[in-house]
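Inside the fold
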Amino acid sequence: MSRPLVVDIHTHMYPPSYMAMLRARKEVPYIYDPENGPPRLIILSSDDNPAIPLHQRGRPIDTSYSDIDVKLSFMRQHGIDCSVLSLANPWLDFIHGKEAITWAQRINDDLESTCAVNNKDEDRDRNESRPLDEKQSLFAFGVLPTRADPNDIVIEIKRLGNLPHMRGAILGTTGLGNGLDDRAMDPVWHALEETEQLVFLHPHYGLPDEAFGGKSKIAQYGHVLPLALGFPLETTIAVTRMLLGGVFDRFPRLRVLLAHSGGTLPFLAGRIESCIIHERGFMDNGGPVRGPHRSIWNVLKTNIYLDSVVYGAAGLQAAIEAGGGVDRLMFGTDHPFFPPLSKDEEKWPSVMTNYKAISDSCGDDAPTAASILGGNAIRILKLRLAGRSPRCQE
Ligand code: URA
Ligand code: ZN
């Protein structure tokens, strides 16, 4: 039997222009180039601790963040046939006004042309004597100028909808600056819904340092608390605010892909629903506040998609259960984050852990594993993989 197609829908890049911009900055987010040793990426506010020497702050950054050939080679090493690229955090959340629009256009055009050139480049594959059925395809989620005028954000969303390799847009949890339940987001949701583009909701800000015991504890335990707990809770809070703010009532066809299997949403959905049902402040329960009309379970089965970046079968099972089956779950790697600690490892343990969680969850059920690995993404994102017959993509 042929192996299933693998599509990675959670994989990031910083185009070289964005890297240069980070290098020119001295405050978060920025890249620091020490005289000795690899450059450092300082993007989380908790990274920028004056008690830590600059050359140890943040994390090392190498060409895997910006070089598409390194991405393609990573894909080959891990059996990935297609990647849907997205700009990594913190996107354009720190750039305002017209400058943000210029950056969004530049980055989106750059991603579009990277995908177009790659997907067409069959000559290069032949020269490298790689069979066409091993050809790798690229698509992308665009970036939005979130701190520009909402009308300009809408214009960029509509432009993205007409770029052949774009499949939606990545978005942070602050939205335009005030969270995703902010009514000012409505034109943005409307444009995304109208153009049938997926929103890839991704964390960046985590929780306040105090939630983890302050900066000294974060320094002591490194990225564990902000990344393992801050990120997933941030996503959970953001999407719960969307629900509470009635976003899914007003935009019933909006499609949102939640990073890291929805943070903790699949696990907490029952508790969230129960708290809503018992909230006396909501109009449905006789109170003064509008509150959500649709049930969280209905939203999970209609509007929400989840990636499989959860590193364990228990989390994956919760994602499958919450989504009413495997149809809304899509494989991801979070490359280039979580690289191996040693350069000698050819396969990334972070990626192999996610592969294993899928096979542990699916057991002998190969069709189910194949849907999570690639079939669902091909269907949901309408991907046409280069060099593959339409039949093997059904
Ligand atoms: N760390 C980040 O800052 N971003 C990711 O996407 C993953 C890990
Ligand atoms: Zn990510």
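Residues numbered from 1 in each chain as written. Chains lettered and ligands numbered in written order. Predicted model: local features only at pLDDT ≥ 70, side-chain atom pairs only at ≥ 80, totals over all residues. Heavy atoms only, no water.

The cut-off we apply is this: UniProt positions are given in the numbering used here, feature names are shortened, and annotations may be inferred rather than shown by experiment.
An unreviewed UniProt entry annotates the protein chain as 2-amino-3-carboxymuconate-6-semialdehyde decarboxylase originating from Penicillium capsulatum. UniProt, in its Sequence similarities (unreviewed entry) section for the protein chain, records the words "Belongs to the metallo-dependent hydrolases superfamily."

Side note on the coordination of the zinc ion (ligand 2)
For clarity, the cut-off: Think of the donor list as every N, O and S atom within 2.8 Å of the metal, or within 3.2 Å for Na, K and Ca; water never makes the list, so a site can look incomplete. Here's how the labels work: a residue is buried when its accessible area is under 20% of the maximum for its type, exposed when over 50%, partly exposed in between, all with a 1.4 Å probe on protein chains only.
In this structure, His 10 (NE2), His 12 (NE2), His 202 (NE2) and Asp 334 (OD) serve as the protein donors to the zinc ion (ligand 2), at separations of 2.0 to 2.2 Å. Mapped onto the sequence, the donors of the zinc ion (ligand 2) take the spacing H-x1-H-x189-H-x131-D. The class for His 12 is buried, based on a relative accessible area of 0%.

Things to note about the site of ligand 1
Cut-off, in case you're wondering: Residue proximity to a molecule or strand is established when one non-hydrogen atom of the residue lies within 4 Å of it. The definition of a polar contact used here is a pair of N or O atoms within 3.5 Å, where within protein one atom must be able to donate a hydrogen and the other to accept one, and adjacent residues in sequence count solely through side-chain atom pairs. We get accessible surface area from the Shrake-Rupley algorithm with a probe of 1.4 Å; when it comes to residues, only the shown protein chains can shield them.
Every residue lining ligand 1 is accounted for by His 12, Ile 43, Arg 59, Asn 89, His 202, Leu 227, Phe 231, Asp 334, Phe 337 and Phe 338. Contacts to ligand 1 include Asn 89, whose side-chain N or O atom sits 2.8 Å from a nitrogen atom. One of the side-chain N or O atoms of His 202 is found 3.1 Å from an oxygen atom in ligand 1. For ligand 1, the accessible surface in isolation is 240 Å², of which the surrounding protein chains cover 99%.

Here we look at the confidence of the model for the protein chain
The test is simple: A score from 0 to 100, pLDDT tells how confident the predictor is in each residue. Here a strand is any run of E in DSSP of at least two residues, a helix any run of H or I of at least four, and the numbering for each starts at the N terminus.
Summarising the model, the protein chain shows a mean pLDDT of 94, and 95% of its residues fall at 70 or more. Between the elements of the protein chain, mean pLDDT differs from a low of 55, seen in helix α4 (residues 122-127), to a high of 99, seen in strand β8 (residues 198-202). The ipTM assigned to the predicted complex is 0.96, against a pTM of 0.95.

Focus: the sheet that holds β8
To keep things clear, this is the line we draw: Only strands joined by at least two bridges in the DSSP assignment are considered to pair.
The strand order β1-β5-β6-β7-β8-β9-β10-β11 describes an open sheet built from eight strands, whose pairing is parallel. Looking at strand neighbours, the two that pair on one side only are β1 (7-13) and β11 (329-330), the edges of this open sheet. Sheet topology note: the strand β10 (residues 304-307)/β11 ladder contains two bridges and is parallel. When the bridges of β11 are listed, Asp 307 appears paired with Met 330.

Concerning the nonpolar core
Formally: Only buried Ala, Val, Leu, Ile, Met, Phe, Trp, Tyr and Cys residues count toward a nonpolar core, and they belong to the same one when joined by side-chain atoms within 4.5 Å. Should any heavy atoms of two residues lie within 4.5 Å, those residues are counted as being in contact.
Residues Tyr 14, Trp 189 and Leu 254 are the most contacted members of the largest nonpolar core, which totals 112 residues. In terms of residue count, the dominant contributor to this core is helix α3 (residues 97-120) (seven residues). Sequence-distant contacts of Leu 254, that is, excluding residues within four places in its chain, are made with Trp 189, Leu 192, Glu 193, Val 199, Met 242, Val 247, Phe 248 and Asn 303.

Let's talk about the packing of aromatic side chains
Within a pair of aromatic rings, the relevant descriptors are the distance that separates the centres and the angle that separates the planes. Cut-off, in case you're wondering: Classification of ring pairs rests on two measures: the distance between centres of Phe, Tyr or Trp rings, Trp counted by its six-membered ring, which must be within 6.5 Å, and the angle between planes, read as stacked under 30 degrees, edge-to-face over 60 and tilted in between. Lysine and arginine charges are scored as sitting over a ring when NZ or CZ, respectively, is within 6 Å of the ring centre and within 35 degrees of the ring normal.
Considering all chains together, one arrives at eight aromatic pairs under this definition. Here Phe 74 and Trp 348 contribute two aromatic rings whose centre-to-centre distance is 5.0 Å and whose plane-to-plane angle is 65°, an arrangement assigned as edge-to-face. One end of the pair, Phe 74, is in helix α2 (residues 68-77); the other, Trp 348, is in the loop between β11 and α13 (349-362), and 274 residues separate them in sequence. Owing to a relative accessible area of 3%, Phe 74 belongs among the buried residues under this scheme. Classification of Trp 348 by relative accessible area gives buried; the value is 10%. Both rings, one in Tyr 311 and one in Phe 338, keep their centres 6.2 Å apart while their planes meet at 70°; by these two values the pair is edge-to-face. Of this pair, Tyr 311 sits in the loop between β10 and α12 (313-322) while Phe 338 sits in the loop between β11 and α13; the two residues are 27 residues apart in sequence, bridging distant segments of the chain. Overall, Tyr 311 belongs to the partly exposed group, its relative accessible area being 33%. Overall, Phe 338 belongs to the partly exposed group, its relative accessible area being 36%. Through pairs of rings, three or more aromatic residues link up here, namely Tyr 14, Tyr 18, Tyr 65, Phe 94 and Phe 337. Positioned above the aromatic ring of Trp 103, the side-chain terminus of Arg 106 is 4.3 Å from the ring centre.

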